[in-house]
There are 2 protein chains.
Amino acid sequence: MKKNGTLVFGLLIAIAMGACATREKNDNEPLILKEQGSFMIGGTVIQDSGVFNTNTPISPQGQTLHGDHAYVFYQIPNAPRHKYPLVFLHGAGESAKSWETTPDGRPGFNELFLRKGFPVYLVDQPRRGKAGKTTQGSTIQAIPDEQFWFETFRLGIWPHYFSNSQFPKGEAALNQFFRQMTPNTGPYDEKVIAEAMSALFNKIGEGILVTHSQGGGPGWRTRILNNKVKAIVSYEPGSGFPFPYGKVPSPIPSISPFGALTPDSIPMNEFMELTKIPIIIYYGDHIPLQPSKIWSEDHWRIRLEMARMWASEVNEQGGNVTVIHLPEIGIKGNTHFIFSDLNNSEIADILNNYLISNNLL
Amino acid sequence: MKKNGTLVFGLLIAIAMGACATREKNDNEPLILKEQGSFMIGGTVIQDSGVFNTNTPISPQGQTLHGDHAYVFYQIPNAPRHKYPLVFLHGAGESAKSWETTPDGRPGFNELFLRKGFPVYLVDQPRRGKAGKTTQGSTIQAIPDEQFWFETFRLGIWPHYFSNSQFPKGEAALNQFFRQMTPNTGPYDEKVIAEAMSALFNKIGEGILVTHSQGGGPGWRTRILNNKVKAIVSYEPGSGFPFPYGKVPSPIPSISPFGALTPDSIPMNEFMELTKIPIIIYYGDHIPLQPSKIWSEDHWRIRLEMARMWASEVNEQGGNVTVIHLPEIGIKGNTHFIFSDLNNSEIADILNNYLISNNLL
């Protein structure tokens, strides 16, 4: 069933590729917006005991702190051509920058989909980026770790890129890529993130949620909280796969320094929410199907495996989850940042075609 | 001389007000962009000693950390009508959000000036917002302090707004305003910020720098580093007024919890750079000219006083600095966030007229 779906899907892609010859031209045309703006959404308020006194303004007594909200920047094309906006949630150590201009200066998914006629919402999740105001403190350390991320994100094995890598070449692009990471300002909390995301959907109405990596976990939870999420697109979800109580698979061991991958468990009624919408999950290249001696490959092997187990479970309960391992449909060399790789406009077209085929436009 | 300048300026404003009757209409027209995007600029790289080993990827040995850059989001109108772009640098505890949609949802200076035909660059300074990756760690605390900022930013005396306040009314706006603060991820360092700003001007070429509050200090330093800064507009600079060695005034005492305001000192040759460009400084309402028993008013009294001393010193050396205390030209009720107050389109027109009168368009 899934195999057939993948084949049909591949055909759709092949057809679409031919129809997209005018895309390059469009990218140089003016971008015409009906509206753009930014706002904070969700979050909570804490207050110190006592009463504020203007004569002791440094004392926290009676003072408030609004924190744990998300920051959202949005753009609406002058003539939206689709019924649902796209809402983008970044992954670990990243901000909405993930979806903007690529490390080598090409349009990111924000602009590619804006030009396809979608309203686009870019989120900095609570305690990250412009949404740094947190109700819980933390310590930020400056420990060099970029070679570790180079490998985790499957650009290659440091200092070598994978020979077919879709990551843009050259020092300048790698410099931009390393700099787009930005730390948590407070503890990572999937629940806090999902609540802010749900508040966003309450504000903007029905839409399609696009997540990356660690954003996958709060993404599923957002749909459980809010049925205005009409579909989820997840690029390389890395954790937080929620199974129903009693049907939770064992952790999958790995030589990854992150250790084994342990699934989450949730009540069946919550799980059932995830069967009600189309969900598509994409993984890139250099993810083996068998255990690998290269830890970064093995790290993603267990995630692809878990994603497929999770998809089977959702589909068994009547859901509509598709997992696409891109090399299996002939698309090679993608890193963990599929949507900003050199072939990102092809990747965007593939997503667009998925949305068409699921009547989500 | 300055008095006359202020009068002539007031007249220019009065004339311009009449010419702006079509503005509201324009704000509802589509926004047409030639280009937009984002990038990281400036910063440094630190590296741990030793050699990276993929088998011990968690060890920092030999690994790098790219940090201390700025994040920049830019938009270029389809038909730019001016020779210089505007580069916006926020103040303490803020990000580029300061210049975006106002707390009550109106267009910020980013869009107001985009619609006037300026390319617009919005900066998150190093160690803030999306530019959070830092080469020096820090501890972020979650201490309630918003009533303190309500007063420091001259919205009123908590819980009362000043009766003529230009801050938008209602809980929703105040909620947005409190949430737009975001913490430093590393130590505040004016030099680090100025170096990233200078790198930005090297990338984009000549432009006009617009600063707010604490951004004033790194703003002056940016011009000292880089003569591509062709003018500086500073809204309520709060610290970092640089005087030449031997001409540094005494600190001005105040009942402000921030204490006395101490000027900076720099070599005369650096100071002379600041005499070469037009500089305009604006302060809002509720800043008395004599010591006040209201600490937040007194806090700004010494800043306005220092700004005027600094302007005199620069002008004495042949410079062109204007200080506008808005109530003195009949514009009342402005908070510390002049450019996002209810009258921000009037404030934008005033700036636009200043740029016209200084041949900066």
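Residues numbered from 1 in each chain as written. Chains lettered and ligands numbered in written order. Predicted model: local features only at pLDDT ≥ 70, side-chain atom pairs only at ≥ 80, totals over all residues. Heavy atoms only, no water.

## A closer look at the overall build of chain A
1) Next: Within chain A, the secondary structure is distributed over 10 helices and 15 strands.
2) Next: Taken over the C-alpha trace, chain A has a radius of gyration of 21 Å; the compact-globule value for 361 residues is 21 Å, and the two agree within 12%.
3) Next: Seen through its C-alpha atoms, chain A measures out along the principal axes to roughly 70 × 50 × 45 Å.
4) Next: Out of the 361 residues belonging to chain A, those deemed buried represent 61%.
5) Next: Partitioning the contacts of chain A with sequence separation of at least 6, the portion at a separation of at least 24 is 75%.
6) Next: About 13000 Å² of surface is accessible on chain A, with carbon and sulfur atoms providing 53% of the total.
7) Next: Of the side chains in chain A, 31 bear a positive and 33 a negative charge, and the two mean positions are spaced by 4 Å. (Helix = DSSP H or I, 4+ residues; strand = E, 2+ residues; numbered from the N terminus. Rg over C-alpha atoms; globule rule 2.2 N^0.38 Å. Buried < 20%, exposed > 50% of the residue type's maximum accessible area, 1.4 Å probe, protein only. Contact = heavy atoms within 4.5 Å. Areas by Shrake-Rupley, 256 points an atom, 1.4 Å probe, with all protein chains shown as cover. Lys, Arg positive; Asp, Glu negative; His and termini not counted. Charge placed at Lys NZ, Arg CZ, Asp CG, Glu CD.)

## Re the packing of aromatic side chains
1) Next: Using the criterion set out here, one finds 57 aromatic pairs over all chains in the structure.
2) Next: Residues Phe167(A) and Phe177(A) carry aromatic rings whose centres are separated by 4.9 Å and whose planes lie at 75° to one another, so their mutual orientation is edge-to-face. Of the two residues, Phe167(A) sits in the loop between β9 (160-161) and α5 (171-179) while Phe177(A) sits in helix α5, which places them 10 residues apart along the sequence.
3) Next: Look at Phe148(B) and Trp295(B): their rings are 5.5 Å apart centre to centre, the planes differ by 20°, and that puts the pair in the stacked class. Placement of Phe148(B) in helix α4 (residues 146-152) and of Trp295(B) in helix α9 (residues 295-316) is noted, with a sequence separation of 147 residues between them.
4) Next: Positioned above the aromatic ring of Phe113(B), the side-chain terminus of Lys116(B) is 6.0 Å from the ring centre.
5) Next: The side chain of Lys203(B) reaches across the aromatic face of Phe39(B), ending 4.6 Å from its centre. (Phe/Tyr/Trp six-rings, centres within 6.5 Å; stacked < 30°, edge-to-face > 60°. Lys NZ or Arg CZ within 6 Å of the ring centre and 35° of its normal.)

## Considerations on the pairing of strand β6 (residues 120-124) of chain B
Residues and elements named next belong to chain B.
1) Next: In terms of burial, β6 is largely enclosed, as 5 of its 5 residues are buried.
2) Next: Neither face of β6 is left uncovered, since the one carrying Val120, Leu122 and Asp124 and the one carrying Tyr121 and Val123 both have all their residues buried.
3) Next: As paired elements, strand β4 (residues 70-77) and β6 share 5 bridges and run antiparallel to each other. Within the sheet, the bridge partner assigned to Phe73 lies in β6 and is Leu122.
4) Next: The sheet contact formed by strand β5 (residues 86-89) and β6 spans 4 bridges and is parallel. Bridge pairing in β6 links Val87 to Tyr121. (Pairing = 2+ DSSP bridges.)

## Some details on the interface of chain B and chain A
Quoted interface sizes are often the accessible area lost when the parts come together.
1) Next: At the interface, 74 residues of chain B touch 74 residues of chain A.
2) Next: When chain B packs against chain A, the two sides together hide about 5900 Å² of surface, and 52% of this comes from carbon and sulfur.
3) Next: Its largest share of buried area at the contact with chain A, chain B owes to Lys130(B), Pro144(B) and Arg179(B), together 14% of the area lost on that side.
4) Next: Remark: the boundary between chain B and chain A carries 4 salt bridges.
5) Next: Between the two partners, chain B and chain A, sit 52 residue pairs in polar contact (both at pLDDT 80 or more).
6) Next: For the side of chain B that touches chain A, the elements supplying multiple residues, two or more each, are β1 (31-41), β2 (44-47), β3 (64-67), β4, α3 (109-115), β7 (138-140), α4 and α5 (171-179) of chain B.
7) Next: Ranked by residue count, the leading element in the side of chain B that touches chain A is β1(B), at 8 residues.
8) Next: Among the residues making up the side of chain B that touches chain A, the classes are represented as 30 nonpolar, 33 polar and 11 charged.
9) Next: In the sheet, strand β1 (residues 31-41) of chain A pairs with β1(B) via 3 bridges, with the strands oriented antiparallel. (Buried area = accessible area lost by both parts, 1.4 Å probe. Salt bridge = Lys/Arg side-chain N within 4 Å of Asp/Glu carboxyl O. Polar contact = N/O pair within 3.5 Å; in protein donor to acceptor, adjacent residues only side chain to side chain. Nonpolar A, V, L, I, M, F, W, Y, C, P; charged D, E, K, R; others polar.)

## Notes on the packing of helix α6 (residues 190-204) of chain B against helix α7 (residues 216-225) of chain B
All names here are of chain B.
1) Next: Between α6 and α7, the shortest axis-to-axis distance is 8 Å and the interhelical angle comes to 50°. Our classification of the angle between α6 and α7 gives oblique. Seen from above, α6 lies across α7 with right-handed handedness. Listed contacts from α7 to Glu190, Lys191, Ile193, Ala194, Glu195, Met197, Ser198 and Phe201 of α6 are Gly217, Pro218, Arg221, Thr222 and Leu225.
2) Next: Its residues assigned to classes, the contact of α6 with α7 comprises 6 nonpolar, 3 polar and 4 charged. (Axes fitted to C-alpha atoms, helices over the stretch in contact; angles between N-to-C directions. Parallel < 35°, antiparallel > 145°, perpendicular 65-115°, else oblique. Left-handed = near helix turned anticlockwise from the far one by under 90°.)

## Some details on the environment of Pro183(B)
1) Next: Structurally, Pro183(B) is set in the loop between α5 and α6.
2) Next: Residue classification places Pro183(B) among the partly exposed positions, given a relative accessible area of 22%.
3) Next: Counting along the chain gives 109 residues from Pro183(B) to Ser292(B), while the straight-line C-alpha distance between them is 30 Å.
4) Next: Filtering out sequence-adjacent residues up to four positions away, Pro183(B) remains in contact with Gly132(A), Lys133(A), Thr185(A), Arg127(B), Arg128(B) and Ile140(B).

## Examining the relation of the copies chain B and chain A
1) Next: Of the transformation placing chain B onto chain A, the axial shift is 0.0 Å and the rotation is 180°, giving an RMSD of 0.0 Å. Within this description, the copies of the chain are treated as partners about a two-fold rotation axis.
2) Next: Most of the interface of chain B is mirrored in chain A: 100% of its interface residues are interface residues there too. (Least-squares fit on C-alpha atoms with pLDDT ≥ 70 in both.)

## Observations regarding the environment of Phe271(A)
All names here are of chain A.
1) Next: Residue placement: Phe271 occurs in helix α8 (residues 268-273).
2) Next: Assessed through its relative accessible area of 0%, Phe271 is described here as buried.
3) Next: Phe271 sits 43 residues away from Val314 along the chain, and the two C-alpha atoms are 7.8 Å apart.
4) Next: The contacts of Phe271, once residues within four sequence positions are left out, are Pro242, Phe243, Pro244, Ile266, Trp310, Glu313, Val314 and Gln317.

## Observations regarding α5(B)
1) Next: Among the residues of α5(B), those classed as buried are Ala173(B), Leu174(B), Gln176(B), Phe177(B), Phe178(B) and Arg179(B).
2) Next: Looking at the buried residues of α5(B), the elements they touch are β1, β2 (44-47) and β3 (64-67) of chain A together with α4 and β9 (160-161) of chain B.

## Regarding the side chain of Glu100(B)
1) Next: Along the chain, the position of Glu100(B) falls in the loop between β5 and α3.
2) Next: There is a polar contact of 2.6 Å between the side chain of Glu100(B) and the side chain of Tyr71(A).
3) Next: Setting aside its immediate chain neighbours within four residues, Glu100(B) contacts Ser38(A), Tyr71(A), Lys130(A), Gly108(B), Asn110(B) and Leu122(B).

## Quick notes on unusual backbone geometry
Residues and elements named next belong to chain A.
1) Next: Omega for the bond connecting Trp158 with Pro159 falls within 30 degrees of zero, at 5°, which places this linkage in the cis form.
2) Next: Turning to its location among the elements, Pro159 is positioned in the loop between β8 (156-157) and β9.
3) Next: With a phi angle near 55°, Arg154 is a residue other than glycine that sits in the positive phi range.
4) Next: Topologically, Arg154 is positioned in the loop between α4 (146-152) and β8.

## With respect to the confidence of the model for chain A
All names here are of chain A.
1) Next: Considering every residue of chain A, the mean pLDDT works out to 93; 93% of them sit at 70 or more.
2) Next: Ranking the elements of chain A by mean pLDDT puts helix α1 (residues 2-19) last with 40 and strand β6 (residues 120-124) first with 99.
3) Next: Here residues 1-25 is modelled with pLDDT under 50, and outside its nearest four sequence neighbours on either side it reaches 18 contacts, counting other chains as well.
4) Next: ipTM for the predicted complex: 0.93, alongside a pTM of 0.93. (pLDDT = per-residue confidence, 0-100.)

## Regarding the side chain of Glu94(B)
Residues and elements named next belong to chain B.
1) Next: Mapping Glu94 onto the fold places it in the loop between β5 and α3.
2) Next: No salt bridge forms around the buried Glu94; measuring N to O, its nearest opposite-charge neighbour Arg128 is 7.5 Å away.
3) Next: There is a polar contact of 2.9 Å between the side chain of Glu94 and the side chain of Ser98.
4) Next: If we skip the residues at most four places from it in the chain, Glu94 touches Arg128, Gln180, Met181, Thr182 and Phe337.

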